[in-house]
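Structural features, examined
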Amino acid sequence: MWLFALRASALWLTGYYPSYVSMPVTAVDFSNVTHVIHFCLLAGANGSITNNGLGGSASTSFVKTVHGAGRQAIVCVGGAGSQAGFEGATTSANVTNFVASLTNFAGTYGYDGVDIDWEPLSSSDVHQYTNFVQTLRAALNHLGSGKLLTVAAPAYTQAAMYASIQSQFDQINIMTYDLSGPYEGWVTWFNSPLQDGGYTFPSTHGLVPSVNGAVNNFTSAGIAPGKLGIGLPFYGYVWTGGPGVTAPRQGWTTPVPTVSEPTYQSIIKNYYQPARYHWDDAAQAPYLSITNTTAANDMFISYDDAAACEVKVSYARNHGLGGIMIWELSQDYSASSSPTHPLLHALDQSLATPRILSAALQGGNLVLSFSTLPLASYRVAWTTDLAAGNWNTLSNNIPGDGSPVTISDPAGLGSAARFYRVQTPP
């Protein structure tokens, strides 16, 4: 007799849902999404909040749908360019009113917590930010047990501040995207590469940004990995006008290239062709390379696809992180495609790996086959007594590359029932 079990590190999958998107929240694939963040309220300089498309039937319907799917609904305050509003709202004169406005809004509509997205965040903001977070955390606790406080954190700044207040947060989701741009002294680079590959800027000799570099920035400051989520963008970067920009790590003189940010669905519809596709092993990231008759029309397109989803799930598991954050849920959606959410589907498949594919006796041996993810590592163990919980290693540190792995146990059926477990990370 055999019994098989799978054990993989649980990850939160937190996705943003902006109020302005045309996709109804009922269209979200909730299979593995654990938290949905309603984007966004705005901070008023006097401590008030602006609903910005939330409130009323929009919030009522959102919370009802998310709760109906058995998931948690969070309301966000902030967004790009929100710094001035936060700086006014969190002064000593206004912070109490601001926090009361946020918690009243969350309580009125039944949200499960509040997400902070203060952008940009300067060193001069640290004192007010810290006081605001502590005041908001205390107010949420008064709303009832289980109210969440999450944050969208910049990838490479203020890690020490977040370390000092990490106990206040349930999730610290790092914005590990927008990691490149046509800035002076830069080169063409990926929007959200997993690794830097050891590549440094020719101008400064500093390492280029990466998901791994950002995570190291936070863990080196003393933040527990389980508090951290990595950002996964459902959009990409189109570089053009360089001229001759078709690949990563390219410099330019004049004209300076421009960058636009189309959604995943737009990239697949308007630019993707198999011959244009490349996978960069050093960065662990995909891209499209497009050469046109006129060099100024050449393109380098960085985006996340199914393979990027796989390696980021492996990375989060291998490093003991808390989860993955998505910006944003409508950007991979198409009502006419199957699946309607291809990137969410890829994440679903990744989170469901490893899967037992087959088990059979061959020549007296038990031969077990299971699915794997790239960059993952697995342990296969067995026991004859589930209650005792003493697992014996059959094979350990088995590398995954996305292909099935086959393991053989010479014990075969044996004289006693054997129970097997496939575990990742090992």
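Check the entry above for the structure.
What this report covers is the structure whose coordinates are included nearby.

Criteria and cut-off values
- Residues numbered from 1 in each chain as written.
- Predicted model: local features only at pLDDT ≥ 70, side-chain atom pairs only at ≥ 80, totals over all residues.
- Heavy atoms only, no water.
- Pairing = 2+ DSSP bridges.
- Helix = DSSP H or I, 4+ residues; strand = E, 2+ residues; numbered from the N terminus.
- Axes fitted to C-alpha atoms, helices over the stretch in contact; angles between N-to-C directions.
- Contact = heavy atoms within 4.5 Å.
- Buried < 20%, exposed > 50% of the residue type's maximum accessible area, 1.4 Å probe, protein only.
- Polar contact = N/O pair within 3.5 Å; in protein donor to acceptor, adjacent residues only side chain to side chain.
- Disulfide = S-S within 2.5 Å.
- Expected span 1.5 Å × (residues − 1).
- Arc of directions from axis to C-beta.
- Core = buried A, V, L, I, M, F, W, Y, C linked by side-chain atoms within 4.5 Å.
- Parallel < 35°, antiparallel > 145°, perpendicular 65-115°, else oblique.
- Left-handed = near helix turned anticlockwise from the far one by under 90°.
- Salt bridge = Lys/Arg side-chain N within 4 Å of Asp/Glu carboxyl O.
- Phe/Tyr/Trp six-rings, centres within 6.5 Å; stacked < 30°, edge-to-face > 60°.

**So, the sheet that holds strand S20 (residues 405-409)**
- Sheet architecture is open: three strands sit in the order S16-S17-S20, paired in antiparallel fashion. Strands at the two margins of the open sheet, each flanked by one partner only, are strand S16 (356-362) and S20. Each strand of the sheet is rotated relative to its neighbour by a mean of 20°, with strand direction disregarded.
- The pairing of S16 with strand S17 (residues 365-370) spans six bridges and is antiparallel. Its bridge partner lying in S17, alanine 360 is registered against valine 367.

**Quick word on the environment of aspartate 348**
- Looking at the secondary structure, you find aspartate 348 in helix H9 (residues 342-351).
- Residues aspartate 348 and aspartate 29, 319 residues apart in the sequence, show an inter-C-alpha distance of 9.6 Å.
- Each residue touching aspartate 348, except ones within four places of it in the same chain, is listed here: Asp29, Ser31 and Asn32.

**What to know about the side chain of histidine 35**
- Take histidine 35: it is sitting in strand S3 (residues 35-43).
- Histidine 35 sits in the buried class, given a relative accessible area of 10%.
- Within the local environment of histidine 35, its side chain forms a polar contact with the side chain of glutamine 72, the two groups lying 3.0 Å apart.
- Setting aside residues no more than four positions away along its own chain, histidine 35 makes contact with Trp12, Leu13, Thr14, Gly15, Gln72, Ile74, Leu148 and Gln171.

**Digging into the state of the cysteines**
- Counted according to the given criterion, the structure contains zero disulfides.
- Cysteine cysteine 40 remains unbridged, with the sulfur of cysteine 76 as its closest cysteine sulfur at 5.5 Å.
- For cysteine 40, a relative accessible area of 4% puts it in the buried group.

**A look at the sheet that holds strand S10 (residues 237-240)**
- Taking strand neighbours across the sheet as the criterion, the five strands line up as S11-S10-S14-S13-S12 in an open arrangement whose pairing is antiparallel. Pairing within the sheet leaves two strands with one partner each, and these edge strands are strand S11 (258-260) and strand S12 (277-280). Across the sheet, the axes of successive neighbouring strands diverge by a mean angle of 25°, strand direction being ignored.
- Sheet analysis places strand S13 (residues 285-290) next to strand S14 (residues 299-302), joined by four bridges and oriented antiparallel. Considered in S14, the bridge of leucine 288 is made with isoleucine 301.

**Some thoughts on helix H1 (residues 56-68)**
- Here H1 is 13 residues long and its end C-alpha atoms lie 18 Å apart, about the 18 Å a rise of 1.5 Å per residue gives.
- When H1 is considered as a whole, its buried residues turn out to be Ser59, Phe62, Val63, Thr65 and Val66. Buried residues of H1 fall within an arc of 165° about the axis and therefore sit on the same side. Facing away from the buried side of H1, by more than 90 degrees, are the exposed residues Ser57, Lys64 and Gly68.
- Of the surrounding elements, those touching the buried residues of H1 are strand S2 (12-18), S3, strand S5 (72-79) and helix H3 (95-109).
- Glycine 70 sits one or two residues past H1 and shows a positive phi near 75°.

**Regarding unusual backbone geometry**
- Residue glycine 242 is joined to proline 243 through a cis peptide bond whose omega torsion reads -5°.
- For the bond running from threonine 353 to proline 354, omega is 15°, close enough to zero to count as cis.
- Position of proline 354 among the secondary structure elements: in the loop between H9 and S16.
- In the Ramachandran plot, histidine 205 falls in the positive-phi region, its phi being about 65° despite a non-glycine side chain.
- In this structure, histidine 205 sits in the loop between strand S8 (171-174) and helix H6 (211-220).

**Considerations on the nonpolar core**
- Ile116, Tyr129, Phe132, Tyr162 and Phe169 are the most contacted members of the largest nonpolar core, which has 94 residues in total.
- Residues in contact with phenylalanine 132, not counting those within four places in the same chain, are Phe86, Thr90, Val95, Phe98, Val99, Leu102, Ile116 and Trp118.
- Listed in part, the 27 residues of the second largest apolar core include Tyr177, Trp239, Tyr287 and Trp327.

**Observations concerning the packing of H3 against helix H4 (residues 126-143)**
- At a minimum axis distance of 10 Å, the contact between H3 and H4 shows a crossing angle of 40°. Taken together, the axes of H3 and H4 are oblique relative to one another. The two elements H3 and H4 cross, and the hand of that crossing is right-handed. Every residue of H4 that contacts H3 at Val95, Phe98, Val99, Leu102 and Thr103 is listed here: Asn131, Phe132, Thr135, Leu136, Ala139, Leu140 and Leu143.

**Some words on the pattern of salt bridges**
- For the structure shown, the criterion picks out four salt bridges.
- In this structure, arginine 249 and aspartate 280 form a salt bridge, with 2.7 Å as the shortest nitrogen-oxygen distance. Here arginine 249, found in the loop between S10 and S11, pairs with aspartate 280, found in strand S12; they are 31 residues apart in sequence, far enough to count as distant.
- Arginine 249 gets classed as partly exposed once you look at its relative accessible area, which sits at 26%.
- Since its relative accessible area comes to 9%, aspartate 280 is described here as buried.
- Of the charged contacts in the structure, one is a salt bridge between arginine 418 and aspartate 409, with a shortest N-O distance of 2.7 Å.
- According to the relative accessible area criterion, arginine 418 is buried, its value standing at 14%.
- The class of aspartate 409 is buried, set by a relative accessible area of 4%.

**Section: the packing of aromatic side chains**
- Evaluated as defined, the whole model comprises 29 aromatic pairs.
- Between phenylalanine 62 and tyrosine 111, the aromatic rings sit 6.1 Å apart at their centres with planes inclined by 35°, giving tilted as the arrangement. Of this pair, phenylalanine 62 sits in helix H1 while tyrosine 111 sits in the loop between H3 and strand S6 (113-118), and the two are 49 residues apart along the sequence.
- The class of phenylalanine 62 is buried, set by a relative accessible area of 1%.
- Here tyrosine 111 falls in the buried class, since its relative accessible area comes to 0%.

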